[in-house]
Amino acid sequence: MGIRNIWLDPAVPVILRSSVTSPFGRKLRMAAIELGLADRITREHADTLDAQDTLRLQNPLGKLPCLLIGDHVFYDSWVILDLFDDLAGRDRLFPAKGMARYHVLTRAKLADGITDAALLMVYEGRFRDSLSPRWLDHQTGKIHRALADFEAQPPAVRADIVGITLACALGYLDWRAPVAWREDHPTLVTWFEHFAQVVPSFSQTERTNA
Ligand SMILES: N[C@@H](CCC(=O)N[C@@H](CS)C(=O)NCC(=O)O)C(=O)O
């Protein structure tokens, strides 16, 4: 049976394993709302540090988000975003084909790289007894260069893959504060505020609202 038929079968549970705080999980929660898929999905908390959590059986990497559609297991967030776009009929989150698809995906990956680097900085504090300033500088450089790029070329204010990914990255920077970003990026601050106004799924997936 094709994935669309399975999705449409109400007897098949669809479960998103994610915390409410995960910026990668938030991308999926936002995308699901924007694409009209959210009612079909039940979020089930997962704890990446809990060795007994079934997450490690579902995804041997022990990472979230992870999507369960009946017996089918999908990770990581990029695979699931592609699946969502397919279920929504394509061309919703990103162009289905052509050069535009790869340009859009590259911008979105740049935004996601901010979150990747920020998360590594947070993990450095969480998992190591003594922090490596060199490693933290290395990650900070990635974040600053990516922010400078978006400051010079902000994306359209819309809930496509670039907007969603960038908003989740900036939201994560605001929350965890691995770097101070607002003062030096006024265009991005304006972009972020505008995005939050016109894309309600952003505030709907705020960890305090979820
Ligand atoms: N590239 C992955 C990254 C997922 C990721 O790193 N998730 C974090 C939570 S926000 C995680 O599971 N960390 C636990 C670990 O790395 O063991 C994706 O986009 O899904």
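For clarity, every value in this text was computed on a predicted model and none was experimentally measured. Residue positions within a chain follow its written sequence, with the count starting from 1. Only residues with pLDDT of at least 70 get local features here, since the model is predicted, and only at 80 or more are side-chain atom pairs given and counted; chain-wide, interface and lining totals rely on the full set of residues. The basis for the side-chain values is all heavy atoms of the structure; hydrogens and waters are excluded.

Draft legend 1. The site of the ligand, seen in detail. Summary of the distance rule: residues count as near a molecule or strand when at least one heavy atom falls within 4 Å of that molecule or strand. Taken together, Ser22, Pro23, Phe24, Thr48, Lys63, Leu64, Pro65, Asp76, Ser77, Trp78, Leu119 and Tyr123 make up all the residues around the ligand. Side-chain polar atom of aspartate 76 to a nitrogen atom of the ligand: 3.0 Å apart, as the coordinates give it. Contact between the ligand and tyrosine 123: a nitrogen atom at 2.7 Å from a side-chain N or O atom of the residue. To measure how exposed things are, a 1.4 Å probe is used in the Shrake-Rupley method; for residues, cover is taken only from the protein chains shown. The protein chains hide 81% of the 510 Å² of surface that the ligand would expose on its own. Counted as a polar contact is a pair of N or O atoms within 3.5 Å, where, for protein atoms, one must be capable of donating a hydrogen and the other of accepting one, and residues adjacent in sequence contribute only when both atoms are in side chains.

Draft legend 2. Layout of the packing of helix H2 (residues 23-34) against helix H7 (residues 161-176). Lines fitted to C-alpha atoms define the axes, with helix axes restricted to the stretch in contact, and inter-axis angles between N-to-C directions lie between 0 and 180 degrees. The way it works is that DSSP assigns letters per residue, a run of H or I at least four long becomes a helix, a run of E at least two long becomes a strand, and they are numbered from the N terminus. Viewed as axis vectors pointing N to C, H2 and H7 meet at an angle of 140°, and their least axial separation amounts to 9 Å. Relative to H7, H2 is oriented oblique. As for how H2 packs across H7, the hand of that crossing is right-handed. Residue-level contacts link Pro23, Arg26, Lys27, Met30, Ala31 and Glu34 of H2 to Ile164, Thr165, Cys168 and Tyr172 of H7. Residue polarity is assigned by list, with Asp, Glu, Lys and Arg as charged and Ala, Val, Leu, Ile, Met, Phe, Trp, Tyr, Cys and Pro as nonpolar; anything else, Gly included, falls into the polar class. A per-class count over the contact of H2 with H7 returns six nonpolar, one polar and three charged. To sort the angles, those under 35 degrees are grouped as roughly parallel, those over 145 as roughly antiparallel, those from 65 to 115 as roughly perpendicular, and the leftovers as oblique. Left-handed is the label given to a crossing in which the near helix is rotated counterclockwise from the far helix by less than a right angle, and right-handed is the label when the rotation is clockwise. Here a residue-residue contact requires only that any non-hydrogen atoms of the pair lie within 4.5 Å.

Draft legend 3. Structural view of the sheet that holds strand E1 (residues 14-17). If you trace the four strands from one edge of the open sheet to the other, you get E2-E1-E3-E4, paired in mixed fashion. Of all strands in the sheet, those bounded by a partner on one side alone are strand E2 (42-44) and strand E4 (72-74). Neighbour-to-neighbour, the strand axes of this sheet turn through a mean angle of 25°, independent of strand direction. Two strands make a pair as long as DSSP finds a minimum of two bridges between them. Relative to strand E3 (residues 66-69), E1 runs antiparallel, the two sharing four bridges. Bridging from a neighbouring strand, valine 14 pairs with isoleucine 69 of E3. Here helix H4 (residues 77-87) sits on the sheet and contacts E3 and E4; the angle it forms with E3, its principal contact strand, is near 45°.

Draft legend 4. Just the packing of aromatic side chains, in detail. Two aromatic rings, drawn from Phe, Tyr or Trp (for Trp, its six-membered ring), form a pair once their centres lie within 6.5 Å of each other, and the interplanar angle then sorts them: stacked below 30 degrees, edge-to-face above 60, tilted otherwise. Counted under the stated rule, the structure contains seven aromatic pairs. Aromatic pair tryptophan 181 and phenylalanine 192: ring centres 5.9 Å apart, planes at 65°, arrangement edge-to-face. Of the two residues, tryptophan 181 sits in the loop between H7 and helix H8 (186-198) while phenylalanine 192 sits in helix H8, which places them 11 residues apart along the sequence. Judged by its relative accessible area of 7%, phenylalanine 192 falls in the buried class. Note on classification: 1.4 Å probe, protein chains only; a residue is buried when its accessible area is under 20% of the maximum for its type, exposed when over 50%, partly exposed between these limits.

Draft legend 5. Examining the side chain of arginine 17 more closely. Secondary-structure assignment places arginine 17 in strand E1. Overall, arginine 17 belongs to the buried group, its relative accessible area being 2%. Here the side chain of arginine 17 touches glutamine 58 through a polar contact of 2.8 Å, side chain to side chain. Setting aside anything within four residues of it in sequence, one finds arginine 17 in contact with Glu44, His45, Ala46, Asp53, Thr54, Leu55, Gln58, Leu64, Pro65, Cys66 and Leu68.

The quantities given are spatial measurements derived from coordinates; they are silent on function.
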